[in-house]
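The primary structure of each chain is shown beneath.
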Amino acid sequence: MLAVLVIGAGQAGLSAAGQLLRKRLRPNEDFVILDANDGPGGAWRHRWDALTFDAAHGIHDLPGMPLDPPDPAEPASRVVARYYGSYERELGLPIVRPVRVESVEHHTAPTENDGKAGHFTVTGADGRTWRARTVINATGTWDSPYIPYYPGIAEFNGRQLHTRGYSSAADFAGQRVLVVGGGTSALQFLLQLDQAGARTVWTTRRAPDWADRFFDASWGVDVEASVSARTTMGLPPLSVVAATGLPVTEQYLAGLTSGVLISRGPLRRITPTGAVLDGPGPDGGAVPSQGHVADALLAPGGAAAGGLDRVPALTGRACTAVSTEDPLTTWETEVDTILWATGFRASMDHLSPLHVRERGGGVMMLPDGVSVVKRPGLFLVGYGASASTIGATRAGRRAAVQAAAASHPPQSGHL
């Protein structure tokens, strides 16, 4: 039986594995890592080529192996896959791939009745099984894309895709594209699509959450604290933007100035040929508030002054109200494609047999941010406050220390 089994070989999983080695656990004998991908890189290996290293947000160093500065114009997917692969080889990590984990179950020893001892059985989609005293789950979110429901979504005649299915802005040249979502992925898509010759419409549920603070180290600590406050209560983690806001970088400021990064209001419903938005209209004149930070930047004399004057006009028509949530101010614009930049949820369906979720869908965590209250011996990394790469590194180390202590592996003969 293994002392520790790690599920996932992304930033969090590799950080945990590196720490297990430092705790003198033996590869293949005391621990293994199962990875669903057919090569290194975690979720990064699936990112679109247009996401270059300089545009990626926060690729943090793995423990003990700094990332040599790459070509900033190289796709981040290639940089990270190469970097993670080097880490795996250098440390001799026992990674088994491709293995998509289908279920994790816990079995209590016959002489115990408190449910805290025993072992875990991890089953892959191919039928293979592993037994371990502790499990570190580092499966991230990439396999759980989230698309919210809107009336008419099933009747749309054009193309719909999620961030997960995006590959290149060139695929949408000459098209009218509705980008749904208020995060940094939406901003990147809008800028790339505009440059590629698409006509874009940006819709957000509320005014974009532009941040008015510098993203320094103390900011990161504050964000982790706010997210941890939710997970210790068993509440689902908020989106990254809900915790951080949107950074006003030079690139995004230029997008505000050009009018590309102007939200046209909330999406109300979808028609077979377009979308119904709640806003002043399609002419590009009046637009909803962009949030207090952006409104100040767009005001006369502001750094992005003129952006509201440059919002492109669209083909559209006023709509008749169909419900109290579909007011008279709504208007419809025709679009060819809907791009759902609406985020992801934690990929934890395989943990369902453990019944660790609370009623609201979250998992109650101990203050250490990695230990699951309802299932001692199970550790979540890359969840909640550790969803960022720097957070995943810290969480991986903490989980490995806790798992090594909880599993009590044999001490003789270790490296």
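In the block above lies the structure referred to throughout.
Student: Where do I start with the pattern of salt bridges in this structure?
Tutor: A side chain of one charge can pair with a side chain of the opposite charge if their charged atoms are brought near each other. Tallied over the full model, the rule gives 13 salt bridges. Its salt-bridge partner being Asp-143, residue Arg-100 comes within 3.2 Å of it at the nearest N-O pair. Remark: Asp-143 occurs in the loop between β6 (129-137) and β7 (159-162) and Arg-100 occurs in the loop between β3 (95-96) and β4 (101-107); sequence separation between them is 43 residues. On the basis of relative accessible area, Arg-100 is assigned to the partly exposed category, the value being 46%. Given a relative accessible area of 37%, Asp-143 falls into the partly exposed group. With a closest N to O distance of 2.7 Å, Arg-164 and Asp-143 form a salt bridge. In this pair, Arg-164 sits in the loop between β7 and β8 (176-180) while Asp-143 sits in the loop between β6 and β7, placing the two residues 21 residues apart along the sequence.

Student: Help me understand helix α3 (residues 184-195), please; the structure alone is not making it clear to me.
Tutor: Note: α-helices contain 3.6 residues per turn, so residues at a spacing of three or four share the same orientation. Between its first and last C-alpha atoms α3 spans 17 Å; for twelve residues at 1.5 Å apiece the expected length is 16 Å, and the two agree. Turning to α3, its buried residues are Ala-186, Leu-187, Gln-188, Phe-189, Leu-190, Leu-191, Gln-192 and Leu-193. Along its buried surface, α3 packs onto β8, β9 (199-203), α6 (250-258) and β14 (337-340). Within two residues after α3, Gly-197 carries a phi angle of roughly 95°, on the positive side.

Student: Hey, could you run me through the sheet that holds β14 in this one?
Tutor: Consider a sheet: its strands pair through backbone hydrogen bonds, and that pairing is either parallel or antiparallel. Spatially, β7-β14-β8-β9 is the arrangement adopted by the four strands of the open sheet, whose pairing is parallel. At either margin of the open sheet sits one strand with a lone partner, and together these are β7 and β9. The sheet shows a mean angle of 20° between the axes of neighbouring strands, taken without regard to direction. Sheet topology places β8 next to β14; four bridges connect them, and they run parallel. Residue pairing in the sheet places Val-177 in a bridge with Thr-337 of β14. Sitting on the sheet, α3 touches β8, β9 and β14, and the angle it makes with β9 is about 165°.

So, how was this worked out
- Residues numbered from 1 in each chain as written.
- Predicted model: local features only at pLDDT ≥ 70, side-chain atom pairs only at ≥ 80, totals over all residues.
- Heavy atoms only, no water.
- Salt bridge = Lys/Arg side-chain N within 4 Å of Asp/Glu carboxyl O.
- Helix = DSSP H or I, 4+ residues; strand = E, 2+ residues; numbered from the N terminus.
- Buried < 20%, exposed > 50% of the residue type's maximum accessible area, 1.4 Å probe, protein only.
- Expected span 1.5 Å × (residues − 1).
- Contact = heavy atoms within 4.5 Å.
- Pairing = 2+ DSSP bridges.
- Axes fitted to C-alpha atoms, helices over the stretch in contact; angles between N-to-C directions.

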